[in-house]
Each structure stands twice: as C-alpha cells, then as structure tokens.
Amino acid sequence: MTTTSLTPPATQRRQAASGGRPPGRSGTGTGASRPGSAWAAPAAVFFALFALVPLVLVAALSLSSWDGLSEPEFVGLDNWKKLLDDPVMLKSLWLSVLLTVLGVAIQTPLSILLGVWAAGHQRNRAVLSAIYFVPLLLSATAVSVLWRAVLDPNFGVPAQAAWLFGDGNLFGVQSSAIGVLVFVSAWQFTPLHTLIYQGAARAVPQVLYQAARIDGAGTVRQFFHITLPQLRNSIITSMILMVVGGLTTFETVLILTQGGPGTDTTISAFYMYQQAFKSFDYGTASAIGVLLVLVATFISLIMVRLSGYGKMRSTMEGL
Amino acid sequence: MRRRARFPRSSAGGAALALMLSLSACGGGTGSAGGDDGKIHVLVYGDATNKVEKQLIADFNKTSDVKAVLDTIPGADYQAKLQTIINSKQAPDIFFNWGGGSIKPFVEAGLLLPLDDFIAKDPGLKKKFLPSVFNSAVVDGKAYGIPMRGTQPVLLFSNKKVLKDAGVRQPETWEDLLAAVRKLKAEGVTPIALGGGDKWPTLMWFEYLYDRVAGPGLFRKALDGDKDAWTGAGSRKALGMLRDLVDAGAFGTNYDSVKFTDQGSPTLLANGKAAFELMGSWEYATQQDSHPEFAEKNLGYSAFPTVEGGKGDPRNLVGNTNNFYSVLKKTKHPEAVAEFLKLQYSDKFVKAQLGVGNLPTTTNTEKFLDTAASPHFAHFQYDLVKKAPAFQLSWDQAYPQKATTSMYQALQRFLNGGLDEDGFIKAMQALPTF
C-alpha cells in the first residue's frame, strides 16, 4: 500500500507494528520517518474548500426555502418532510440503484473479458485496444447527443431495423429508456474498466500459468482459477468506480430521456437538477443532494465491509 | 422546459457574439463605471430570429456611443440560465422574456426597472404597440416590458402534398380532423407529427381542446386557484376527445421519442412522413430555415378546427401573445437602453421581423404586411390575432415555474395511457398556482 519512498526501514516497521497487529502487513504505523501531516495540507485544504464547505452549505440550504432571487428563508425540516412523502423521491432512489446495479452487472464481465484479452500478445491487439479506448476520450454529453441522434425513431438506426426496435419508441417506454441509458453508459465506460483489467491481468505472474499448464489446465480453467482470483482487488476497485459513477450519472439522463417518460427514468441526481433549475426550488434540491450523499456513503460503507476493500489483502501471498 | 423552444439548433450564439464584437469596433469609450465593460448587454433566446436582432444591434451601434452586445442562450435552457444569472454580476441590461408570469418573480424580487419614465419621455414606447399585447407585460400597474419579435399563435400546419395525395383537405372541424386521421393512417402516413419528447408540443393539443370545448374561462378559474374547474364536464369532454384522437392512431406510436427541438417533428412534416403538426407560428420560420423548398411550396396552415357544441369561440387562439424586452434596474446606461427600446417599433425592425416570418404587434405592422416573407401567411396570422376574442397564454407560461415539471409529466402520461381522466384531473389540481 505504501510507495517505496514512504516505506520505513524494516526494523522501524516492525517496531511500529508491534501493537498486536501481525507484522509485515501494517503500513499504517506511525513510524518516525513517516512524512509529517503538513504534506497532507494542500489536499486537505482543497478537499475542505471544494467538498466539505459546499456540503455544509448545501445542508444548511436544505433547511431553507430559496428561489435564487430573494434571500433564503429558514423553514426548518419542511423540505425534508416533503421529500419523505414524495413518491418521486423514493422512485428516483430506486432507479438510481437499479441503473447502478445494471451498469455493474453489464460492464464488469465485458470489461474483464476485454481486459484479459487485451493483456495478451495477439496480432492486431494494440490497434483494436486503441480503438476500444476511443469512447472514453469523448465527453458524456457528446456521447449522449450522438446516441440520441443514432437512436432517433424516424431518422436513426431504429427506422432501418424495425425487426429489432419495433416502432422505435425507445424513449417512450420505461424498460427501453432504461436499456438505452445502461447501454450508453456501458459503451462509454467499459473502456476505462477494460484498461484497469488489462493492467491487472498483465501483472499476474506467469509462473502461475506455467504451473497450471504443467498440471494440464486448459485456457478456460486457467481463466477461472488463476486470472479471476488474481484480479480480485482490481474487480473491487473497478466496481467501486462503477458504483460511484452510477450514482452520479446525470448527463446521459438529461440529454437522452430528461427523466421521462413521465418520471420513469428520473434518477436522484436528475431529480435534484429538476428541483433546482427547472422549479427553482433550491431548498428541496439541496435536501435531495444531502440525501444522495447519505445514501452513497451508506452504500460505499457496505461495499467496503463486504468486499474486504479496507484490508486489501495482496493477491501475491505465497509467491 | 417551461418556455417555448422555438427553433434552436439554428442558433449560433458564439458566432453572433463574435460578429457583434467586430461590428462594434469604432466609436471610442464612454464614461462607464468600473467593473462593467461600458456596453449594454442584450440577452435573447437563441434561435433563427437572432439574425434580425444582430442586424438591429449593428444598426444601433452605428449611431450610439454606448455599444450594445447581443448574447444568446440557445433553446430549452433559456429560463434556467436567465434565472441563475439575473441576480448576479453577469446579468444582462436588457433581456428577452414572455411577459406576465415569466417576469413576475423578478419584479417581486425588485430586479426590474419600471419603464414608465421611459414612456413618459417617449410615449411611442407604449402607443406604438397593440394595447392587448403591451398590457401582458404590465405587472401591478407598471409597465415592465416592450414587445419585441412577434406574436405566436399556435396553428395547424400541414404538408399540402401529403394531403393532396391522400385526398384529404385541411380540416375545418374536429370531425374533419378525425376523418383525415383515419384516411391518412390507411395511407401509411403518420397523421400528426408530435414532438412528445419535448412535452410542450403535447400541451398545445390540451390547450386548444379545453378552449374550444369549455371556453377560456375554465383555465382562468383554475389558474386563480379554483381546483374544481378541472372536474367539470367540459374538462372530461376535452380529455375524451383527445383520447379518441390518440386511439385513432393520430400521433403514431413513437411520439414520445420524437422532439421538435432537435428538428425531429418538423422534418417528419417536411419529408411527408407526417401530414399535420400543431405548432406555434414559428414553425414557418423553422421550415424556412431548414426546408426552404417545402416552406415555399407545400407548407399549409389553418386555425385549429372548430368543435361543434363547444363553449369556446372558434376564433380563440392559444400560444405566445408576444415576447418582450425587460430592463434590469442595475443598468448603468438607461439612456442608451431607452434608445435601443425605441428601435422595437421602428419601420425597419417591423420589416425585418416580417422577413423571417414573425409578426410584430406594433401599430405600423399592418402597412408592411405585404412586404413579409410570405404575405399570405402574415395577413392570415394578423387577421387571426386581430379578430380573436381571447388569446390564451400557454399554460406552462401562465402557471408558476415550479408547476411546469409536474404539468408536463401529467400531459405525457395521459397521452401515452399512463394516466386516465381522473388521474390527469388530479394531477392538474395538485399544481401550485400563484
């Protein structure tokens, strides 16, 4: 976990780790040669300025009624009470989670397969990998505008492929609208995760494969018994990125579906935008924002617990 | 979006700005206070009409010491961005709006300059406009807006060639329309193009049917806070008629994926894939811009069909009564602003607006109607507006901003079957009023 320059000499490390923890695994000791807290200052200042201060302000704003024109007016918990009774709020949280889960479920297998493939030494691999990487270089907004045009029912692909798309009413039905959102996100973000897995797959020691081959394991068995277990930490990293990305999805919804049909794709982040910039009800929007922070924190705590991310055991043990 | 998105896409805000800067090269500095750039900023909705505004500002800058700069915000984002900047340092001096409800919150927040002093100095600022239009930007007895651009009634546009091929005439009554829908559907044409993805085009059908069936009184009552207005027999009859139209297949099945703002529905009409489109009069300029040949030869138009036994006058209109320029209190160049506003009733401005298919509401408009891009269209519209006993402002502009999202959702869900009559009525009753 620590970088080489920050690693204290082995003797000190053993001393520092003598607080009952198993030696060798603790990078969290407070050894004398660890950098002082001053080094953390720049990051801390930026974090405070751009994350903590706004968060506190938003929390304060969530207790007020403000239209952006006059002075904010303190209304206590009114916005919160209203939100708890609001069916759209609950639905939006559920939709956010649904989109996130679908995103993880689709992007993870795809990017693992692509990443492991890209880690190999096949012909044309480098060229194809570079092409796969392109969507990641585009802005989410541009990608959404592009797909909106491609999926236009009268002038896009659906008009030419009625056998697949029917009447092309992709944005008018909840299931297909969600399908489009998941697909477009996957199209854009799979390359990022592919990259993570490519790097991780390259780092798997070749001796493991050599040993497996001697034991007679084929490609498929090697994949399931060596590659996948070796990718464990990368899978967790990539999933956390996906969950964070999924819960903060916004542009794709704004451009592709605008939360429609009805409120059928109104995810929490978009609902917050609607309240703030369509209805000019910044108080309620702030309350949604705070709620989103709470939900996201809760989900990431659960993930850290379940995945053992906090411990992040090495996959290199025993080698 | 609460506001009409007229014909975005075609706007080129950045290009407009660059052009303005190059045009306002000479003239020298004026004694402006620090912090501001010594110019008056005019913020308008970005669309095809911008070319008139550019020309107007270029003319203004030829003679004025204080230069004007045109800023545009494209299409659907206008109101959101306006409200975000209007109380900040980036606020413009003069801005485009829809009068009435759209500026009421700004007036209440004390941001706008009453124009009564300007009018006292130059009575033309009031007298040169049709009073019914001028008055829709009067709030609490004070004038806050000078009409600009034109009046925009909603009309039933059609593709004349498609109608001819199907042996259908421009419908005069509701029955005509239903018959035309059946015939066109049998021909394999989508009878009516609808940009349901934008939602406000859907609203137009509700507005006209409610007006024709129940008269303008129902909506006025509802807006005044009488929730029972929505439950009347007229309300149910209008909804039933709309349901009939949807069930007859008038809009096809994928209208919720079609938008007006990305040129979807106008292109359907121009290509002959659809026969009708109910749209504000800006449809004309949109088509002129993107399908000039179609606009010239095959674009048909008429008033909304009459409804037999309905309470509303068949001459009633719905749509945008007009757009307005309002002035911020904090402007540092009130004299220049007043001079700029005077241009809005100049002959030159009227002619330029007519040239792009807009219909200004100045008293001198009538004598220039023959110079319009399409004199027939200009005369037709002008007569409609002049004779209309009632001109209902679009519901999404009449209601407070915070009602818009819920209203749009109810419209969309009623049309696609997600809400029945009772559900729709309940949703409308739940909307906040002023």
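Since the model is a prediction, treat every value here as computed from it, not as a measurement.

**Q** Quick question: what am I supposed to make of the interface of chain A and chain B here?
**A** Often, the extent of an interface is quoted as the loss of accessible area upon association of its parts. Contacts between the two partners involve 25 residues from chain A, matched on the other side by 34 residues from chain B. Here chain A packs against chain B, burying approximately 2,400 Å² in sum over the two surfaces, 48% of which is carbon and sulfur. The largest per-residue losses of area from chain A upon contact with chain B belong to L69, F155 and F280 of chain A, which jointly make up 27% of the total buried on that side. In this assembly, chain A and chain B are joined by zero salt bridges.

**Q** Please clarify how the UniProt feature "transmembrane region" (unreviewed entry) in chain A should be interpreted in this entry.
**A** The UniProt record annotates "transmembrane region" (unreviewed entry) at residues 43-63, 93-118, 130-150, 170-189, 235-256 and 282-304 of chain A. Secondary structure across residues 170-189 of chain A divides into 80% helix and 0% strand, with the first and last C-alpha atoms of the span separated by 21 Å.

**Q** Can you help me understand a nonpolar patch on the surface in this one?
**A** On the surface, F46, L49, F50, V53 and L57 of chain A cluster together into a nonpolar patch covering about 550 Å² of accessible area. For V53 of chain A, the position within the fold is in helix α2 (residues 41-61).

**Q** When you look at unusual backbone geometry in this model, what are you seeing that I'm missing?
**A** In most cases, non-glycine residues show a negative phi, while peptide bonds are predominantly trans. Positive phi, close to 55 degrees, is recorded for F280 of chain A, a residue that is not glycine. Classification of F280 of chain A by relative accessible area gives buried; the value is 5%. Backbone geometry places K199 of chain B, a non-glycine residue, at a positive phi of 70 degrees.

**Q** So what exactly am I meant to see when it comes to the sheet that holds strand β3 (residues 94-97) of chain B here?
**A** Whether parallel or antiparallel, the strands of a sheet pair through hydrogen bonds between backbone atoms. Residues and elements named next belong to chain B. Reading across from one edge, β2-β1-β3-β12-β6 is the order of the five strands in this open sheet, with mixed pairing throughout. Each edge of the open sheet carries a strand with a single partner, namely β2 (67-74) and β6 (146-148). Shown here is a sheet whose adjacent strand axes are inclined to one another by a mean of 30 degrees, direction ignored. Note that β6 and strand β12 (residues 323-327) share three bridges and pair antiparallel. Note on β12: the bridge partner recorded for I146 is Y325. In the packing of helix α2 (residues 50-63) onto the sheet, the strands contacted are β1 (39-46), β2, β6 and β12, and the crossing angle to β2 comes to about 165 degrees. Contacting β1, β2 and β3, helix α3 (residues 78-85) crosses the sheet at an angle of about 150 degrees to β1.

**Q** Honestly, a negative patch on the surface in this entry has me stumped. Any pointers?
**A** A contiguous patch of negative charge on the surface is contributed by E172, E175, D176 and E308 of chain B. Looking at the secondary structure, you find E175 of chain B in helix α9 (residues 174-186).

**Q** Teacher, can you tell me more about the packing of aromatic side chains here?
**A** How two aromatic rings sit relative to each other is given by the distance of their centres and the angle of their planes. Summed over all chains, the structure comprises 43 aromatic pairs over all chains. An angle of 75 degrees between the planes, with centres 5.8 Å apart, marks the rings of Y78 of chain B and W98 of chain B as edge-to-face. Pair noted here: Y78 of chain B is in helix α3 and W98 of chain B is in the loop between β3 and α4 (100-108), with a separation of 20 residues, a long-range link. A single burial state applies to Y78 of chain B and to W98 of chain B, both of which are buried. Taking 5.9 Å as the distance between ring centres and 65 degrees as the angle between the ring planes, the aromatic pair formed by F206 of chain B and F414 of chain B counts as edge-to-face. With F206 of chain B in helix α10 (residues 200-214) and F414 of chain B in helix α20 (residues 404-415), this residue pair connects regions lying 208 residues apart in the sequence. F414 of chain B shares its class with F206 of chain B; the two are buried. Ring-pair connections join several aromatic residues into one group, and the members of that group are W66, F250, F270, Y273, F277 and Y282 of chain A. Seen from the ring of F171 of chain A, R148 of chain A lies directly overhead, with NZ or CZ sitting 4.1 Å from the centre.

Cut-offs used in this document
- Residues numbered from 1 in each chain as written.
- Chains lettered and ligands numbered in written order.
- Predicted model: local features only at pLDDT ≥ 70, side-chain atom pairs only at ≥ 80, totals over all residues.
- Heavy atoms only, no water.
- Contact = heavy atoms within 4.5 Å.
- Buried area = accessible area lost by both parts, 1.4 Å probe.
- Salt bridge = Lys/Arg side-chain N within 4 Å of Asp/Glu carboxyl O.
- UniProt positions renumbered as here; feature names shortened; annotations may be inferred.
- Helix = DSSP H or I, 4+ residues; strand = E, 2+ residues; numbered from the N terminus.
- Patch = residues over 30% accessible without salt bridge, like charges linked within 9 Å, V, L, I, M, F, W, Y side chains within 5 Å.
- Areas by Shrake-Rupley, 256 points an atom, 1.4 Å probe, with all protein chains shown as cover.
- Buried < 20%, exposed > 50% of the residue type's maximum accessible area, 1.4 Å probe, protein only.
- Pairing = 2+ DSSP bridges.
- Axes fitted to C-alpha atoms, helices over the stretch in contact; angles between N-to-C directions.
- Lys, Arg positive; Asp, Glu negative; His and termini not counted.
- Charge placed at Lys NZ, Arg CZ, Asp CG, Glu CD.
- Phe/Tyr/Trp six-rings, centres within 6.5 Å; stacked < 30°, edge-to-face > 60°.
- Lys NZ or Arg CZ within 6 Å of the ring centre and 35° of its normal.

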